[in-house]
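# Inside the fold
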Amino acid sequence: MRVYLASTTQSLNLEGRRFSHMIGECLKKGEHHVNDSVEDQSNELFHLLSLDDELKAAEGISHKKPTVTCALYCESDPFYGILSNTSNMYKWVHLLNESTIVLVPCMEAKNLLLKIGVTEADIQVFKPPVEMARYRTKREQHVFYHYFQEDENRPLVVALGDFGSTEGIEVVIEVAKKYPSYLFYYFDISKEQDSKALTKKIAHYDVKNVKFVTGVPDDIFISALINAKLFIAPSYCPLSALTLANVMASETQIIMRSQANTISYLQEGVNAYMGEYSETLVSKCCDYLNGTLSPTTRVALQQVQDATFERASYSLDRIYQEAKNLVGFGGRSR
C-alpha cells in the first residue's frame, strides 16, 4: 500500500522526530511504500501525525482516501501536542473527527479525546512502537560513554525536561549534590536552545557532576537510557508516551513530576514513581538510589515489551485495511 507520511524537518523536539521515524520504520517492515508527497495521486492512505501534516494533506487528498491520524503521542512537541497546545485545540478536534481512524497510545488517552469532543471518529489504542533489540546490544551500551568521553565505571543518572523550568534544574542539582560519585546528564527536550541564555542560566550552579545537553542524537539518548541507574523527568512539560515507553524498555527506573504525566500513561507506584513538588521528587530519587525504594521496572517492561516494531507493523497492516474497508463501505473519509 502506498502511504503518505510526512517528514519531520520542522519538528523542534526530540520526541516528534523519533515518533515519525519509528512509524516510518514500522511501515517499511510491512508491505507498504512510504511517500512524503501529498500530490502523488497513487497515495492510497494518509497517515497524519500533526496539524502541519493535515494542512499539507488537505491540498492533495481525495475525499475518498482513508486517513489514519495519531493523537497524544508527543505532547511536548508544538507540532504534535494537543492538550499542551490549547490555541490549536479546535483545529485538532476538527481534524480527528474528520479522520477515518484515530490512534492513541493508551485507553486513558482515548478517554481524554472523548472529553474534548472527539466523538465522530473510530478511536483505537496503538501502543508506541519500541525497537526492543536496541536495548539488548552491547554496541549501544558503549555509545554514550564514547560520545561524551566519560568514564564507563561511573554510575549514570539521566534527566529529560525543559531547561526553561528553573525548578526542574534545581531538582537535578539537589540530587546530584548528594551523590557526587554519580554522573548526571540533563537532556533538553527541545531540539534547539539559545546556548548563551542557557550558559548564563546555569552558570551559578557550581556542581561538577551535572552536564546540560541540547540537541542530542537519538542513538546517544538511547545509549544513555541503557546505562542509566535512574531516569528523572523533573520539569512541568509533558513527556510523550513514546519517550516513556522507550525508558520503560531500557529497564531504567522512572521518577517524574506528576504534572508531566499528562495522559496518565504511567501509574504511581506501579510502573513509576511521581511527585507533584520538587521536594518529593528529590526525596524519592534519593530513596531509590539508596536502595530503600523498590524498583518498578519489571512491571514497566511488561507493559511495553510486546510493542516491537514487528508487532506494530502487523497492527498497522490491520488498521490500514480496516480504514480502507470503512471508506469502501461508506464509512468515514476526508
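Just above, that's the structure.
Figured I'd write up the structure that's included with this text.

Conventions we followed
- Residues numbered from 1 in each chain as written.
- Predicted model: local features only at pLDDT ≥ 70, side-chain atom pairs only at ≥ 80, totals over all residues.
- Heavy atoms only, no water.
- Phe/Tyr/Trp six-rings, centres within 6.5 Å; stacked < 30°, edge-to-face > 60°.
- Helix = DSSP H or I, 4+ residues; strand = E, 2+ residues; numbered from the N terminus.
- Buried < 20%, exposed > 50% of the residue type's maximum accessible area, 1.4 Å probe, protein only.
- Contact = heavy atoms within 4.5 Å.
- Pairing = 2+ DSSP bridges.
- Axes fitted to C-alpha atoms, helices over the stretch in contact; angles between N-to-C directions.
- 1 Å grid on protein atoms, 1.4 Å probe; cavity = no way out; pocket = protein on both sides within 12 Å on 5 of 7 lines; lining within 4 Å.
- Points joined across faces, edges and corners; volume = space filled by probe spheres on them.
- Nonpolar A, V, L, I, M, F, W, Y, C, P; charged D, E, K, R; others polar.
- Right-handed = clockwise from strand over helix to strand, strands pointing away.
- Left-handed = near helix turned anticlockwise from the far one by under 90°.
- Core = buried A, V, L, I, M, F, W, Y, C linked by side-chain atoms within 4.5 Å.

The next point concerns the packing of aromatic side chains. Enumeration over the complete set of coordinates arrives at 13 aromatic pairs. Between the aromatic rings of F163 and Y186, the centroid separation amounts to 4.9 Å while the plane-to-plane angle is 70°, which identifies the pairing as edge-to-face. Of this pair, F163 sits in the loop between β7 (156-161) and α6 (166-178) while Y186 sits in strand β8 (residues 183-188), placing them 23 residues apart in sequence. Accessibility assignment for this pair places F163 and Y186 in one class, buried. Here Y186 and F212 contribute two aromatic rings whose centre-to-centre distance is 5.9 Å and whose plane-to-plane angle is 45°, an arrangement assigned as tilted. Residue Y186 is found in strand β8, and its partner F212 is found in strand β9 (residues 210-213); the two are separated by 26 residues along the sequence. Ring-pair connections join several aromatic residues into one group, and the members of that group are F144, Y145, Y147, F148, Y185, F187 and F221.

It is worth spelling out the environment of A159 at this point. Residue position: A159 is located in strand β7. Residues A159 and I189 lie 30 residues apart in sequence; the distance between their C-alpha atoms is 9.7 Å. Every residue in contact with A159, bar those within four places of it in the chain, is listed here: V172, Y185, Y186, F187, I232 and P234.

The pairing of strands in a sheet comes from backbone hydrogen bonds and takes either a parallel or an antiparallel form. With respect to topology, six strands assemble into an open sheet ordered β9-β8-β7-β10-β11-β12, the strand pairing being parallel. At either margin of the open sheet sits one strand with a lone partner, and together these are β9 and β12 (273-275). Averaged over all pairs of adjacent strands, the angle between strand axes in this sheet comes to 20°, irrespective of strand direction. Where β7 and β8 come together, six bridges link them in parallel fashion. Looking across to β8, one finds that A159 is bridged to Y186. Against the sheet, helix α9 (residues 241-249) touches β7, β10 (228-233) and β11 (253-257), its axis set at about 150° to β11. Where helix α10 (residues 278-290) meets the sheet, it contacts β7, β10, β11 and β12, and its direction lies at approximately 170° from that of β11.

Take empty space enclosed by the protein next. Tallying each qualifying case throughout the model produces one cavity of 30 Å³ or more. Quantified by volume, the largest cavity comes out at close to 40 Å³. Considering the residues around the largest cavity, the lining is formed by F19, L49, C70, A71, L72, Y73, C74, Y80, I82 and W92. Of the residues assigned to the lining of the largest cavity, the class counts are 10 nonpolar, no polar and no charged.

Our focus in this paragraph is the pairing of β11. Counting buried residues in β11 gives five out of five residues, a clear majority hidden from the surface. As defined by bridge partners, β10 adjoins β11 across four bridges and the pair is classed as parallel. Bridging from a neighbouring strand, F231 pairs with I254 of β11. Considered for its hand, the β-α-β crossover made up of β10, α9 and β11 is right-handed. Here three bridges tie β11 to β12, and the two strands are oriented parallel to one another. Counted as the bridge partner of R257 is G275 from β12.

The geometry of α6 relative to α10 is characterised by a closest axis approach of 10 Å and an angle of 30° between their N-to-C directions. Where α6 crosses over α10, the two elements pack in a sense that is right-handed. Residues E167, V171, E174, V175 and K178 of α6 form the contact with α10, whose participating residues are S278, L281, V282, C285, C286 and L289. Considered class by class, the residues forming the contact of α6 with α10 number seven nonpolar, one polar and three charged.

Before going further, it helps to examine the nonpolar core. Within the largest apolar cluster, 65 residues are counted, with the highest numbers of intra-cluster contacts made by F187, F231 and Y265. In terms of residues, this core owes the most to one element, α9, which gives six residues. In this structure, F187 is in contact with F144, F148, V158, A159, L160, G161, F163, V213, V216, F221 and A224, ignoring residues within four places of it in sequence. One finds I169, V172, F184 and I255 within the second-largest nonpolar core, a separate group that totals 28 residues.

These results come straight from atomic positions and should not be treated as a statement about function.
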